[in-house]
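# Structural overview
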Number of protein chains: 2
Amino acid sequence: MDSNLFKKGGFTLPGEAGYEDLTLKLAKKWGADVIRDSDGTQLSDKIITSDYDIYSTICLVRADNEWAKANRDKLQQCYIMSFPIAATSDVVQIDLLKGFSKEQLQVNEDDNPYEWWQVFDRTSGEEVPKAQWQYSKKSGIVIIKDARKWHRYTVNFLAYRIWEEISAYNHITNDWGDKEHLMPIEPMYEEAQEKILAYLERWLQEHPHTKVVRFTSMFYNFWWLWGDDPNRKFIVNDWGAYDFAVSSFAIREFEKVKGYRLTSEDFIHNGLYNNSYLPPSDKYRDWMNFIIDFVTDFGKKCIELVHKYHKKAYVFYNDHWIGIEPTLERFKEFKFDGIIDGIFNGFETRKVAGTKHVATKELRLHPYLFPTGVNGAGTFIEGGNPTLETKTYWMDIRRALLRESVDRIGFGGYLHLVEGHPDFVEYVEALATEFRMLRELHKDDRPYTSNFKVAILTAWGNMRAWGCRGHFNHGNYYNEVMESISGLPVEVEFISFKDVLEKGIDSHTKVIINAGSLDDAWSGGWNWQNPKVIEILSEWIWQGGGFIGIGEPSANKSGNQYFRLSHILGVDREYGLTIGFDKYKYAPLKTSHFILGDIKEDLDLGKYTDNVFALDCDTQVLADEDKSVQIATHTFGKGRSVYLAGHKYSSDNVRLLHRAIYWSAHSEEAFSHWLCSNIHTECAYYPNHNSLAVINNSFEKQKTVVKSPDGTFIEIELNPCESKILEL
Amino acid sequence: MDSNLFKKGGFTLPGEAGYEDLTLKLAKKWGADVIRDSDGTQLSDKIITSDYDIYSTICLVRADNEWAKANRDKLQQCYIMSFPIAATSDVVQIDLLKGFSKEQLQVNEDDNPYEWWQVFDRTSGEEVPKAQWQYSKKSGIVIIKDARKWHRYTVNFLAYRIWEEISAYNHITNDWGDKEHLMPIEPMYEEAQEKILAYLERWLQEHPHTKVVRFTSMFYNFWWLWGDDPNRKFIVNDWGAYDFAVSSFAIREFEKVKGYRLTSEDFIHNGLYNNSYLPPSDKYRDWMNFIIDFVTDFGKKCIELVHKYHKKAYVFYNDHWIGIEPTLERFKEFKFDGIIDGIFNGFETRKVAGTKHVATKELRLHPYLFPTGVNGAGTFIEGGNPTLETKTYWMDIRRALLRESVDRIGFGGYLHLVEGHPDFVEYVEALATEFRMLRELHKDDRPYTSNFKVAILTAWGNMRAWGCRGHFNHGNYYNEVMESISGLPVEVEFISFKDVLEKGIDSHTKVIINAGSLDDAWSGGWNWQNPKVIEILSEWIWQGGGFIGIGEPSANKSGNQYFRLSHILGVDREYGLTIGFDKYKYAPLKTSHFILGDIKEDLDLGKYTDNVFALDCDTQVLADEDKSVQIATHTFGKGRSVYLAGHKYSSDNVRLLHRAIYWSAHSEEAFSHWLCSNIHTECAYYPNHNSLAVINNSFEKQKTVVKSPDGTFIEIELNPCESKILEL
């Protein structure tokens, strides 16, 4: 492939007014075909009228701050549980917003507290009768009478959100000083919808040069509560939680549709809220569906309007993405033309790449062209190394792109910040070319992939496919596995317990992975109490299915196993109540095993589950540490299971997982097809192009040998981080 | 003190027929005043008629094997849950004894299975109706019809115990070959009682030279199920569990007394049984009390008989000790003259030393004069080092003896085994002298001790004072703390949640320690769900009490804290469902803190609880590891709390705990009284003797300085393991 043919296209550049020359210079150098604005930047006429397509960002719920200020009772809301206060007498005073950011939140006093709020004695678990407490508007304090001394009390209350979170984040990160705080309006009110549609129409008229309207995103941001203490800047941050779609109005509407009323405690749930780590309850699923219905219905109208003006509508798979759920079939109703996400790694790449019902998929790469990154560390300011950062992310992204491609990449932020970083400017040019070449391989082609499916089983299933609670949740077994598998040549699907119960296991599925911790949504929590789940999975495994359990698979304390599939996995966990029971004295396997075929150095599974024991001599222990099983295999009927005490995304473990998949699928023979001998390298073969893409995932030079299914050996040398495309 | 004055007395030697000269020679050398037999050894006439007092062991329930053989329906029993079998069709066959030692157990077919047994579907948690299963006597198999495929089934059944466990252990360890297996008889039958009393009387008549009848022990052994696989020799081993007192007869008697019937599942409890790690339920307490009543009532009769023959009755605080419970007030009803226990360490020493209502307390030291030890490692055979072993145990025992003394020490086993170990023979002589000198200091005296009490709070309280599940349960927070505190100059008491609820906190108590793990008896488990417990403890701490939480103190998942006293401790634990919640960014304390005053090297708390976070700025974090709090202090009203993420018995940690106790008691000033500067040394001051005992707990030479309350400094040098007594 001639790289000169891949110098332009599929690249979105953030333009910046005042830096017109730089914008146009870099657009050319990086081969951009699109220039976009960002939150906080403008595009000047010179840019807008240049020869590039223009993307313009729009965030409808914070777009009209005048209307928001004039309609403060129509701001977005959320339920909050006050921090618990222990009663030191029979009167307890709870300052509702203590600990929370008063710049973000304001107590909602418009909806009758005695109808909407609940006060709980969290020590006894009982609700405090309404007659026993009083809210003082003046002080923002709830006073509880006849409190039980030493019990801890909390108040569930409604709060308005008075500073739209993403805007607030950009405001603070980029030091916008006294720039007005934008407030998010609740689009469920008809007046708000009228305002929004009118605003959008006017905006469309005023942006004749805009080709793509980039929604950032629809209406409700993911859940992100802020604190008032510099040592606890954020209270909670959950990309998947629907808490910011809660309002008194929505709850009333929900009641009309679903026929029952949700209480504050349905949302607060003893302080756990309905966070992504909890297996969703039926009530919560109802609520999500209700919000999805609304977002789809009203979202459609916005997109129709965009189309009416012959523009395209792209959606940002983040920020106000709640209710969009691109993995669901309903997503097609929006009629979006494209989807964009700001991503760091492989599984996020697959999240975008796997989106159906959009013509264009775009990755916004990191780092953002901001002085500092999400965690506050320097990026484009002194101390940052944006080139190294970009390379690091890109290597993880690239392996996912080998498997499934996207159409575009791009950056966001303040373009002028790159000026002091000539190496970054050069590297992005090379990266863009590399991206285009890899993308080309996917045209009318599909890389060599396993002829069977691997299903990842969680309580969320497809709804949190290639997603967990946000960006990479390190140490979370599910997330680590997703990242590893995002670059493997296997077909992956995400299934839920509901899927298993309603549809059984797809006939193309040969391996099921369950990776998570006790009670969490990733392992499955209470779903494992359902005997039907055990029955279906047992039958399927017995008939020859492969099951890989990672961390605390099938863990639930309801039965007399800790892992409810311990008899299938061959291992269980000592959780502290059966210390007196002697455990079977296993002997770790001395001979080699297919799964360990590429483990050269010490095994490092990362954070792992300890106190795991083998049940009996039928369990083959492949590795252990501190007398706790790390890797074990077991058979159940014709089925094979693999237990891994942990998983951490690393070259070693990616290969280990790859082998575990093929072993449990009884497909050892097919494993070596189009496989790199060197675990720091990976490859993909594209049959229609008869081309092989080989990547070096390390910062060192690597030699590798790829074996084709016909037995030919192909030797490749790669520079650090390099990729090569070989036409065979 | 002149060591020559301490060459004789308080020492029990195991004699051995055939080795009369050795017996008498060592009796002299070691200053024995008593010669005993052991299980498997005899004393010859030459020994019996020598000038020594004679202790003779007797174990009544295995004493008359002829009667046992003739009355196999009156053997002791127990409930067993068969190993679970997953149904692969609608018929399940369960071989009841599969996995269990058939030398130990035999299915009880005399009591109607359909009345006494229960079959459970452990997958659904439901009992299988009696009509659905059948027991085949011929095969020992239960067949379940209409099983639900893939569900796991178990049978709760009654088994006779056909090889008395301690005898079996001695048999196997000492290779007794085809010596007849002794069977334990159930003493609750009147016929059995008559037989036992008659046997005892005859035995007393036949042992005119015996001065002390050493009961080994009363009737029911602690719970010890054996397996049939060399890789799982034991199924379970729990020194505190009453499962071997279970029989059909006892359950019927229980029903008469308590008015309700216990089911098999009351004992099996979903496979957890009623093991010591579980907080005892009311039903289980009823059962224990019922057994205690019986053991006391019938035990009294045996002891009366001994007294009738003008002999003394000592009891072994182990083996068949179930129902004796020496920490309970009822224990005095037995009228035992002495108590003996085979011990390894400090807390076991305190267990014996603290026994009330007996004139004589004796420690049987380890190692046992057996070829191998409890774990199968060599002792007196090649590869063993009995001197080093003895020294190691003795150093831990000695520090406890500084605080509370016993009357005697001794050994057990086969004396001839010491012949190849002259260094052992010498060392025991020195040890015996050292013991007598230390014992002397306690005469009419009490060492300097804290003027306040430290209460250790568990679900068991006093009933498992200085005891956990057997010997040292390493890694168990409660056990590690007990061992450390066993040698500290503080007054210790053990309290239960029941005590707290019924009696409140004793006015002399200044510090409460709660050390354990989620749901276990040591932390307290479900007891923490009781708001009354929270109320009483909160009030007490608020008024100035000290609270030390170790590991997972007050842990319970019922509330919206994981540690139900997190607001008092200032820390809580992330247990995997609130990962999305940001934690307060604490800064570990930079300045010195009283508690850390002696930590010179890296902190090593042993196995510790991870993912512990500080609540807010009121929590003082003294140490952390991997961003998890290891040590924190917090105040609550006038009270002080200390959190320790773990505790491992070591010189460093003993001192850390000592300081934590004094700090939380607001008694920092008194801390340095009679304290060794060097943490590898400890001392005790005996005011009436005006003497100071100083011990070196290490295998290295040590220098140390002791500060007396009047400010005098005393410098001492100690050889490895040495102790010195200074008359001041």
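Residues numbered from 1 in each chain as written. Chains lettered and ligands numbered in written order. Predicted model: local features only at pLDDT ≥ 70, side-chain atom pairs only at ≥ 80, totals over all residues. Heavy atoms only, no water.

Its rotation angle being 180°, the transformation that places chain A on chain B also includes 0.0 Å of axial translation and leaves an RMSD of 0.0 Å. Put plainly, the chains are arranged around a two-fold axis. Comparing contact sets, 100% of the residues at the interface of chain A also lie at the interface in chain B, consistent with an isologous, same-surface contact. (Least-squares fit on C-alpha atoms with pLDDT ≥ 70 in both. Contact = heavy atoms within 4.5 Å.)

Take the packing of helix H11 (residues 386-403) of chain A against helix H12 (residues 422-441) of chain A next. Residues and elements named next belong to chain A. Packing of H11 against H12 brings their axes to within 10 Å, and their N-to-C directions diverge by 5°. The angle between H11 and H12 falls in the class roughly parallel. Across the interface between the two elements, Pro-386, Thr-387, Thr-390, Lys-391, Trp-394, Arg-398, Leu-401 and Leu-402 of H11 pack against Asp-423, Phe-424, Tyr-427, Leu-431, Glu-434, Phe-435 and Leu-438 of H12. Across the contact of H11 with H12, the residue classes tally to nine nonpolar, two polar and four charged. (Axes fitted to C-alpha atoms, helices over the stretch in contact; angles between N-to-C directions. Helix = DSSP H or I, 4+ residues; strand = E, 2+ residues; numbered from the N terminus. Parallel < 35°, antiparallel > 145°, perpendicular 65-115°, else oblique. Nonpolar A, V, L, I, M, F, W, Y, C, P; charged D, E, K, R; others polar.)

The next subject is the nonpolar core. Counting 220 residues, the largest nonpolar core has Trp-117, Phe-215, Trp-287, Phe-336, Ile-485, Ile-513 and Ile-661 of chain A as the members making the most contacts within it. Of the residues forming this core, the biggest block, 13 residues, is contributed by helix H9 (residues 282-308) of chain A. Excluding residues within four positions of it along the chain, Trp-287 of chain A makes contact with Tyr-242, Ala-245, Val-246, Ala-250, Ile-251, Phe-254, Leu-262 and Phe-267 of chain A. Among the nonpolar cores identified, the runner-up in size contains 219 residues, and Met-183, Leu-457, Tyr-584 and Tyr-586 of chain B belong to it. (Core = buried A, V, L, I, M, F, W, Y, C linked by side-chain atoms within 4.5 Å. Buried < 20%, exposed > 50% of the residue type's maximum accessible area, 1.4 Å probe, protein only.)

It is worth spelling out helix H7 (residues 248-258) of chain A at this point. Residues and elements named next belong to chain A. If you check which residues of H7 are buried, you get Ser-248, Ala-250, Ile-251 and Phe-254. When H7 is viewed along its axis, its buried side chains cluster within an angular range of 160° and face the same direction. Opposite the packed face of H7, turned more than 90 degrees from it, sit the exposed residues Lys-256 and Val-257. Phi turns positive, to about 85°, at Gly-259, one or two residues after H7. (Arc of directions from axis to C-beta.)

What follows concerns unusual backbone geometry. Residues and elements named next belong to chain A. The step from Thr-216 to Ser-217 runs through a cis peptide bond, and the omega angle for that step is -15°. Mapped onto the elements, Ser-217 comes out in the loop between strand E13 (210-215) and strand E14 (223-229). Phi at Tyr-273 is positive, roughly 50°, even though this residue is not glycine.

Residues and elements named next belong to chain A. One can read the domain layout of chain A as domain 1 (1-59 + 324-445), domain 2 (60-172 + 182-215 + 218-322), domain 3 (453-670) and domain 4 (675-727). Taken residue by residue, the interface counts 37 residues in domain 1 and 43 residues in domain 2. Summing the contributions of domain 1 and of domain 2, the shared interface buries around 3,600 Å²; its carbon and sulfur component is 60%. By the criterion of area lost to domain 2, the three top residues of domain 1 are Ile-58, Cys-59 and Ile-324, representing 22% of everything that side buries. The interface formed by domain 1 and domain 2 holds four salt bridges in total. (Domains from an automatic or database assignment. Buried area = accessible area lost by both parts, 1.4 Å probe. Salt bridge = Lys/Arg side-chain N within 4 Å of Asp/Glu carboxyl O.)

Now for the environment of Ile-631 of chain B. The residue Ile-631 of chain B is located in strand E27 (residues 628-636) in this model. Beyond its immediate chain neighbours, meaning those up to four positions away, Ile-631 of chain B contacts Leu-596, Leu-603, Leu-605, Gln-620, Val-621, Leu-622, Ala-623, Tyr-643, Leu-644 and Leu-656 of chain B.

Bringing the interface of chain A and chain B into the picture now. Every contact between the two is made by 58 residues of chain A and, on the other side, 58 residues of chain B. Across the chain A to chain B interface the summed buried area is about 4,900 Å²; carbon plus sulfur atoms make up 54%. The largest per-residue losses of area from chain A upon contact with chain B belong to Trp-150, Asn-560 and Leu-577 of chain A, which jointly make up 16% of the total buried on that side. The interface formed by chain A and chain B includes six salt bridges.

Let us now look at the confidence of the model for chain A. A low pLDDT means the predicted coordinates there should not be read in detail. For chain A, per-residue confidence averages 96 on the pLDDT scale, and residues scoring 70 or more make up 100% of the total. Confidence metrics for the complex model read pTM 0.97 and ipTM 0.95. (pLDDT = per-residue confidence, 0-100.)

Right, let's get into helix H10 (residues 346-353) of chain B. Residues and elements named next belong to chain B. Taking burial as the measure, the eight residues of H10 include eight buried ones, the bulk of the element. Among all positions of H10, only Gly-346, Phe-347, Glu-348, Thr-349, Arg-350, Lys-351, Val-352 and Ala-353 are buried. Looking at the buried side of H10, the elements it contacts are strand E17 (338-342), strand E18 (360-364), helix H11 (386-403) and helix H13 (477-485). Its side-chain oxygen placed 3.2 Å from the backbone nitrogen of Glu-348, Asn-345 serves as the N-cap of H10. (Polar contact = N/O pair within 3.5 Å; in protein donor to acceptor, adjacent residues only side chain to side chain.)

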